[in-house]
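Below are the chains, spelled out letter by letter.
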Amino acid sequence: MATLKVYTYPDPILAKKAETISDQEILSEEIQTLAQNMLETMYKAPGIGLAANQVGVLKRIIVMDTRARTKEGEVIEEELSEFEKKIQWPLVLINPEIIKKEGAIEYEEGCLSVPGYYEMVKRAGFVKVRAKNLKAEVFEFEADDLLGVCVQHEIDHLNGVVFVERLTPIKRTMIRNKIKKYGYSDPVEEKSVSNS
Ligand code: QAP
Ligand code: CO
């Protein structure tokens, strides 16, 4: 297993649309290993979702784990939502599609490709998703709250959309200018500075 390089906004790879993966390809070692390495990269960050575009691969695969955890990283079972309880974790979604959308939610989003920047984004409050798993089997699940927001955020990546593009024009310009001016600080450095 290996951690992968995460491309940061506005790298042009993040604006490209990822391609559908065939069943034969899903079962290949290449995709099986990619999924494991994406999970390792997400957990190490730590993050709750990662799309293949973010690691420079234009294929429709995302990994997610939105379960609440303690500081030590243990899953807090009592805090799982009813939808989260029905899911086999971690979630690996191949060729995911939103087949139903309802309501609205505003949630403060971040992104491993935009480290250190967070903004409120409006999305559907409930979604039903159809995808394939690593055995190329079709499955469906329902999601709201953080899980619902996260799956919409990750499917956006597969379509070449970063959350920055979902902000109002004024907020979008502001965050782009901040990134141009300050860039991204190394998270390790960031920690040692704030702790000193
Ligand atoms: C997408 O994002 C998401 O800035 C997943 O310094 C985020 O895993 C969906 C991360 C929020 C819904 C709500 C961000 C890690 C991780 C950072 C992530 C950072 C280190 C973001
Ligand atoms: Co993201």
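These figures come from a predicted structure and were not determined experimentally.

The rules we used
- Residues numbered from 1 in each chain as written.
- Chains lettered and ligands numbered in written order.
- Predicted model: local features only at pLDDT ≥ 70, side-chain atom pairs only at ≥ 80, totals over all residues.
- Heavy atoms only, no water.
- Helix = DSSP H or I, 4+ residues; strand = E, 2+ residues; numbered from the N terminus.
- Rg over C-alpha atoms; globule rule 2.2 N^0.38 Å.
- Contact = heavy atoms within 4.5 Å.
- Lys, Arg positive; Asp, Glu negative; His and termini not counted.
- Charge placed at Lys NZ, Arg CZ, Asp CG, Glu CD.
- Donors = N, O, S within 2.8 Å, 3.2 Å for Na, K, Ca; no water.
- Buried < 20%, exposed > 50% of the residue type's maximum accessible area, 1.4 Å probe, protein only.
- Pairing = 2+ DSSP bridges.
- Axes fitted to C-alpha atoms, helices over the stretch in contact; angles between N-to-C directions.

Asks: Sorry if this is basic, but what is going on with the overall build of the protein chain here?
Replies: A tally of regular secondary structure across the protein chain gives six helices and seven strands. Secondary structure of the protein chain in N-to-C order comes out as α-α-β-β-α-β-β-β-β-β-α-α-α. Relative to its length of 196 residues, the protein chain is compact, with a C-alpha radius of gyration of 17 Å against a globular reference of 16 Å. Look at the contacts in the protein chain between residues 6 or more apart in sequence, and 69% of them connect residues 24 or more apart. Put simply, the protein chain has 27 plus and 32 minus side-chain charges, and the middle of one group is 6 Å from the middle of the other.

Asks: It is not clear to me how the side chain of K59 should be interpreted in this structure. Could you clarify?
Replies: Within the fold, K59 resides in the loop between β1 (49–51) and β2 (61–64). With residues near it in sequence (within four places) discarded, K59 still touches A18, E19, I21, E25, E30, I31, A52 and L158.

Asks: Could you clarify how one ought to interpret the coordination of the cobalt ion (ligand 2) in this entry?
Replies: Six octahedral donors around a metal ideally sit at 90 or 180 degrees from one another, while four tetrahedral donors ideally sit at 109.5 degrees. The coordination sphere of the cobalt ion (ligand 2), as far as protein atoms go, consists of C111 (SG), H153 (NE2) and H157 (NE2), spread over 2.1 to 2.2 Å. Judged by relative accessible area, which is 6%, H153 ranks as buried.

Asks: I keep staring at the sheet that holds strand β6 (residues 126–132) and nothing clicks. Help me out?
Replies: Within a sheet, neighbouring strands are paired by backbone hydrogen bonds and run either parallel or antiparallel to one another. On the basis of which strands lie adjacent, the open sheet formed by five strands has the order β1-β2-β3-β6-β7 and antiparallel pairing. Both outer strands of the open sheet, β1 and β7 (138–144), are each paired with one neighbouring strand and no more. When the angles between neighbouring strand axes are averaged without regard to direction, this sheet yields 40°. In this structure, β1 lies alongside β2, joined through three bridges in antiparallel fashion. Bridging across to β2, A51 finds its partner in I62. Along the sheet face, helix α2 (residues 29–44) touches β1, β2 and β3 (91–102) and points at about 40° away from the line of β2. Relative to the sheet, helix α4 (residues 145–158) contacts β1, β2, β3, β6 and β7, its axis offset from that of β2 by approximately 155°.

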